[in-house]
Amino acid sequence: GEQVEQLPSILRVQEGSSASINCTYENSASNYFPWYKQEPGENPKLIIDIRSNMERKQTQGLIVLLDKKAKRFSLHITDTQPGDSAMYFCGEYSGGSNAKLTFGKGTKLSVKS
Amino acid sequence: EAAVTQSPRNKVAVTGGKVTLSCNQTNNHNNMYWYRQDTGHGLRLIHYSYGAGSTEKGDIPDGYKASRPSQENFSLILELATPSQTSVYFCASGGWGGSSAETLYFGSGTRLTVL
């Protein structure tokens, strides 16, 4: 079954407002949670990440929150711009002997000016 | 900047034919991955590798094989291609970044159409 659930699948916001994407996971051993952005026709690129020993991380208009008890993490984009329009994928990395990175199904963000 | 090169960029194959997708990385990364991307399904892991000679099954390995003959090269093989394998395939290599966790560097993708 799906290991990382990502919602919403489509998000439309007005320029200047904030956008939030939420992900939940099942594996309590997961210790690393990256976010990738994919612009149309391009490949996915890492934009921000958070490790399990942190609850909050912020960089350049992006905020990531992690709630380990709820097995939930989220991406918040403040002051959205048309250039933020893209697909966003959350990821879950379990580490250990069978380490692999699993992605959510993605969120298509559209920022209207 | 990490470099991952996929070939071909586009491929049209016939049902039942054999297809090989190639990936080369010059990052000296141990880990390499093959994902497919489909609308509504996101990025799904097919096979991955921890180093030369190793391959591991991902979440959707059925109908695919993988080969890692060297540190630099990782291939995805469809022995008997089917229309359901029409998709965009991404290769990625994984390196340990400043946060002491793995950052994936993706290639530009291969668009495969199986008729």
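What counts, and where the lines are drawn
- Residues numbered from 1 in each chain as written.
- Chains lettered and ligands numbered in written order.
- Predicted model: local features only at pLDDT ≥ 70, side-chain atom pairs only at ≥ 80, totals over all residues.
- Heavy atoms only, no water.
- Pairing = 2+ DSSP bridges.
- Helix = DSSP H or I, 4+ residues; strand = E, 2+ residues; numbered from the N terminus.
- Axes fitted to C-alpha atoms, helices over the stretch in contact; angles between N-to-C directions.
- Phe/Tyr/Trp six-rings, centres within 6.5 Å; stacked < 30°, edge-to-face > 60°.
- 1 Å grid on protein atoms, 1.4 Å probe; cavity = no way out; pocket = protein on both sides within 12 Å on 5 of 7 lines; lining within 4 Å.
- Points joined across faces, edges and corners; volume = space filled by probe spheres on them.
- Nonpolar A, V, L, I, M, F, W, Y, C, P; charged D, E, K, R; others polar.

Caption draft 1: Fine view of the sheet that holds strand β1 (residues 4-7) of chain B. Residue and element names in this part refer to chain B. An order of β1-β3-β8-β7 is seen for the four strands of this open sheet, with the pairing classed as antiparallel. A strand with exactly one partner marks an edge of an open sheet, and here the two such strands are β1 and β7 (65-67). Strand-to-strand twist of the sheet, defined as the mean angle between neighbouring strand axes without regard to direction, takes the value 20°. In this structure, β7 lies alongside strand β8 (residues 73-78), joined through three bridges in antiparallel fashion. From the neighbouring strand, Ala66 faces β8, where its bridge partner is Leu76.

Caption draft 2: Up close: the packing of aromatic side chains. Counted under the stated rule, the structure contains 17 aromatic pairs over all chains. Measuring from centroid to centroid gives 4.8 Å for Phe33 of chain A and Phe73 of chain A, while their planes differ by 45°, and the two rings are tilted. Taken together, the positions of Phe33 of chain A in strand β4 (residues 32-38) and Phe73 of chain A in strand β8 (residues 72-77) put the pair 40 residues apart, joining distant regions of the chain. Ring pairing ties together the aromatic residues Tyr36, Phe89 and Phe103 of chain A together with Tyr33, Tyr35, Tyr48, Tyr50, Phe90 and Phe106 of chain B, which thus form one cluster.

Caption draft 3: Focus on the layout of surface pockets. Considering only enclosed or pocket space, the largest pocket measures out at about 760 Å³ in volume. Forming the walls of the largest pocket are 35 residues, and the residues nearest its centre are Gln38 and Met87 of chain A together with Gln37, Thr39 and Val88 of chain B. Taken together, the elements giving at least two residues each to the lining of the largest pocket come down to β9 (86-93) and β11 (107-112) of chain A together with β4 (31-38), β9 (87-96) and β11 (110-114) of chain B. Here the lining of the largest pocket takes four residues from β11 of chain B, the largest share from any one element. When grouped by side-chain class, the residues that make up the lining of the largest pocket number nine nonpolar, 19 polar and seven charged.

Keep in mind that these numbers describe shape and distance, not what the molecule does.
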